[in-house]
Amino acid sequence: MIAQDYAVAEAPRRARIWSHLYVQVLFAIALGAIIGHFWPSFGESLKPIGDAFIKLVKMIIAPVIFLTVVTGIAGMRELGSVGRVAGKAFFYFITVSTFALIVGLIVANVVQPGAGMNIDPSTLKVGSIAEYTAKAHDTTVTGFLLGIIPDTLISAFTQGNILQVLMVAILFGISMALVGEPARPLLNSLERISVVVFRMVGILMRAAPIGAFGAIAFTIGKYGVGSLVNLGALVATFYLTSILFVVVVLGTIARANGFSVLKLIRYLKAELLLVLGTSSSEAALPNLLVKMEKAGCEKSVVGLVVPTGYSFNLDGTNIYMTLAALFIAQACGVDLSLGQQLALLLVAMLSSKGAAGVTGAGFITLAATLSIVPDVPVAGMALILGVDRFMSECRSLTNFIGNAVATVVVARWEGALDKDALDAALNGKPMLSTAAPVQPAIA
């Protein structure tokens, strides 16, 4: 845990409100939205700023995950706990993700956001979705599972595949634990490297407002707020459903495990605003790892649950998939029976894992699901392409909150949760650290 003091780029206590990262990101989002709305061409030209920030964060994700997982597992006294944590995590992921799919299905049937549109699929321009359907066609569960294994030990880091890095880190950490005392100097070195890497994360997070500004200016400038009007029912339904899922479903899970999801959201407000601005939950992954450890979750649990959850615990994406699929069916006048909807649900459960970790995973997963279920026209995806960017923000936020909740829950199940540290973090109370002091990096 020696690295955590250097990772989160937040202002010190009693500082002026402007010096807080979340305030800076919020201001940047507002400014970007204004520029994108009134000067759309200029807003579109700012896309490279947002892309550059996301690339900077992705650059550091692989070493952050590797160091967190390796040092966590290598420091474990009982290696059997690795498999136990993974089993509990996957039980949680499958249960909650399936429930998210069911929630989307129920809401779509009750609200019916696409009813009355009477769209003829043959009149839709499918060229704009060809890229997504092609990627969906190439994505299979078998290919996904084989893709977890890197070609070489180093390629896992050069290709930026989170699951490949996670696999290498788990194997490396287990190997160090089995070696025992001879590996202790290497473990100490990796812990000190963590200090430097997490200091780098803190430096990169200072650029978060700039990245959020460029990303939101591009989104509003290219698609415009007006693009929300025609498909407003779908967007509003999705946002409201996601909010209810977080507050009711995740809130109930949180209460059952002794904490408040609303306090957890407040604790992660800077990261959530960063996700909102960039439409990418990966942008806040390094800080999430650190903050969950600060909130009392053991490093070994955080290192396993968070990166795995980014591929297997996609609550927001699952709500979107069933809701969007039924919206397209309703808009195109396709009446799906209960059996067909259940078949859609089962296919979505599999395809959501097959497309995990792919850029634009939500839309690609939807294409994969519709291509397997012939009752709903794939061409109907063209209807929602224009507003998918706006919905991707909500998907990312819901996914992010879901993974934070999952980490605390699995840590509690495993007996690896410091309840006092969690209460102190969620209630904003200072807590004295018992970690050994470390020489700070040069500013």
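Residues take numbers from 1 onward in each chain, read along the sequence in its written order. Residues qualify for local features only when their pLDDT is at least 70, as the model is predicted, and side-chain atom pairs are given and counted only at 80 or more; totals for whole chains, interfaces and linings, by contrast, use all residues. Side-chain numbers here rest on the full set of heavy atoms in the structure, without hydrogens or water.

- In the nomenclature of an unreviewed UniProt entry, the protein corresponds to Amino acid transporter from the organism Rhynchospora breviuscula.
- UniProt positions are given in the numbering used here, feature names are shortened, and annotations may be inferred rather than shown by experiment. Per UniProt, the protein has the following entry under Sequence similarities (unreviewed entry): "Belongs to the dicarboxylate/amino acid:cation symporter (DAACS) (TC 2.A.23) family."

**Some thoughts on the overall build of the protein**
For step 1, the next point in the chain: The secondary structure content of the protein amounts to 21 helices and zero strands.
For step 2, the next point in the chain: Buried, partly exposed and exposed residues are distinguished by accessible area as a fraction of the type maximum, computed with a 1.4 Å probe on protein chains only: under 20%, between the cut-offs, and over 50%, respectively. Taken over 443 residues, the protein has a buried fraction of 54%.
For step 3, the next point in the chain: Taking the contacts inside the protein whose residues are at least 6 apart along the sequence as the reference set, 84% of them involve residues at least 24 apart.
For step 4, the next point in the chain: When the accessible surface of the protein is split by element, carbon and sulfur atoms take 65% of a total near 19400 Å². Secondary structure counts use DSSP, requiring at least four H or I residues in a row for a helix and at least two E residues in a row for a strand, with both numbered from the N terminus. Two residues form a contact once any of their heavy atoms are found within 4.5 Å. Only the protein chains shown count as cover for residues, and all accessible areas are computed by the Shrake-Rupley method using a 1.4 Å probe.

**Describing the packing of aromatic side chains**
For step 1, the next point in the chain: Pairing of aromatic side chains here covers Phe, Tyr and the six-membered ring of Trp, requires ring centres within 6.5 Å, and sorts the geometry by plane angle: under 30 degrees stacked, over 60 edge-to-face, intermediate tilted. Counted according to the given criterion, the structure contains 10 aromatic pairs.
For step 2, the next point in the chain: With a centroid separation of 5.3 Å and an interplanar angle of 75°, the aromatic rings of Phe-66 and Phe-157 are classed as edge-to-face. One end of the pair, Phe-66, is in helix H3 (residues 47–74); the other, Phe-157, is in helix H7 (residues 155–158), and 91 residues separate them in sequence.
For step 3, the next point in the chain: Judged by its relative accessible area of 14%, Phe-66 falls in the buried class.
For step 4, the next point in the chain: An aromatic cluster is present here, built from Phe-90, Phe-91, Tyr-92, Phe-93, Phe-312 and Trp-413 joined pairwise through their rings.
For step 5, the next point in the chain: Comment: the charge-over-ring label is applied if NZ (Lys) or CZ (Arg) is within 6 Å of the ring centre and within 35 degrees of the ring normal. If you follow Lys-291 out to its NZ or CZ, it ends over the ring of Tyr-267, 5.0 Å from the centre.
For step 6, the next point in the chain: The aromatic ring of Tyr-320 is capped on one face by Arg-395, whose charged end is 4.2 Å from the ring centroid.

**Focus: the nonpolar core**
For step 1, the next point in the chain: Only buried residues count toward a nonpolar core, which is a set of Ala, Val, Leu, Ile, Met, Phe, Trp, Tyr and Cys residues joined through side-chain atoms within 4.5 Å. Membership of the largest hydrophobic core comes to 123 residues, with the highest contact counts inside it found for Leu-250, Ile-384 and Val-405.
For step 2, the next point in the chain: Counting residues in each nonpolar core, the second largest holds five residues, with Ile-35, Leu-46, Phe-213 and Ala-217 among its members.

**Description of a nonpolar patch on the surface**
For step 1, the next point in the chain: Together, Leu-240, Ile-243, Leu-244, Val-247, Val-248 and Leu-262 give the surface a local cluster of nonpolar side chains, amounting to about 570 Å² of exposed area.
For step 2, the next point in the chain: A total of five residues in the nonpolar patch trace back to one element, the largest contributor, which is helix H12 (residues 232–256).
For step 3, the next point in the chain: Positionally, Ile-243 belongs in helix H12. Each patch is built from residues that are more than 30% exposed by relative accessible area and take part in no salt bridge. Like charges join if they lie within 9 Å; nonpolar side chains (Val, Leu, Ile, Met, Phe, Trp, Tyr) join within 5 Å. For this analysis, a salt bridge means a side-chain nitrogen from Lys or Arg found within 4 Å of a carboxyl oxygen belonging to Asp or Glu.

**A look at the side chain of Ser-396**
For step 1, the next point in the chain: Mapping Ser-396 onto the fold places it in helix H20 (residues 385–413).
For step 2, the next point in the chain: When sequence neighbours within four positions are dropped, the list of residues in contact with Ser-396 reads Val-275, Ser-279, Ser-280 and Ser-281.

**Some thoughts on a positive patch on the surface**
For step 1, the next point in the chain: Neither His nor the chain ends is counted toward charge; the positive residues are Lys and Arg and the negative residues Asp and Glu. For the purpose of locating charges, the reference atoms are NZ of Lys, CZ of Arg, CG of Asp and CD of Glu. Taken together, the side chains of Lys-263, Arg-266, Lys-269 and Lys-429 define a basic patch exposed on the protein surface.
For step 2, the next point in the chain: Tracing the backbone through its elements, the reader meets Lys-263 in helix H13 (residues 261–267).

**Topic: the UniProt feature "transmembrane region" (unreviewed entry) in the protein**
For step 1, the next point in the chain: The UniProt record marks residues 21–39, 59–77, 89–111, 162–180, 201–221, 233–254, 323–350 and 362–387 with the feature "transmembrane region" (unreviewed entry), using the residue numbering of this structure.
For step 2, the next point in the chain: Between the first and last C-alpha atoms of residues 201–221 the distance is 29 Å; the span itself is 90% helix and 0% strand.

**A look at the confidence of the model for the protein**
For step 1, the next point in the chain: Confidence in the prediction for the protein averages 78 pLDDT; 77% of positions are at 70 or higher.
For step 2, the next point in the chain: Across the protein, the secondary-structure element scoring lowest on mean pLDDT is helix H5 (residues 130–138), at 52, and the one scoring highest is H13, at 94.
For step 3, the next point in the chain: Confidence of the predictor at the level of single residues is given by pLDDT, which spans 0 to 100. pLDDT under 50 marks residues 433–443. Its contacts with residues more than four places away, or in other chains, come to seven contacts.

**With respect to helix H15 (residues 285–294)**
For step 1, the next point in the chain: In terms of burial, H15 is a largely internal element, nine of the 10 residues being buried.
For step 2, the next point in the chain: Every buried residue of H15 is accounted for by Leu-285, Pro-286, Asn-287, Leu-288, Leu-289, Val-290, Lys-291, Met-292 and Glu-293.
For step 3, the next point in the chain: Gly-296, located one to two residues past H15, shows a positive phi value of around 100°.

**Some remarks on the pattern of salt bridges**
For step 1, the next point in the chain: Under the defined criterion, the tally for this structure stands at five salt bridges.
For step 2, the next point in the chain: Close ionic contact of Asp-51 with Lys-47 constitutes a salt bridge, the shortest N to O distance being 2.7 Å. Here Asp-51 pairs with Lys-47, and both are found in helix H3, just four residues apart, close to one helical turn.
For step 3, the next point in the chain: Residue class for Asp-51 comes out partly exposed when judged on its relative accessible area of 33%.
For step 4, the next point in the chain: Across the pair Lys-291 and Glu-271 runs a salt bridge whose closest N-O atoms are separated by 3.2 Å. Residue Lys-291 is located in helix H15, and its partner Glu-271 is located in helix H14 (residues 269–278); the two are separated by 20 residues in the primary sequence. Each member of the pair, Lys-291 as well as Glu-271, is classed as buried.
For step 5, the next point in the chain: Sharing partners across several salt bridges, the network here consists of Arg-84, Lys-88 and Glu-414.

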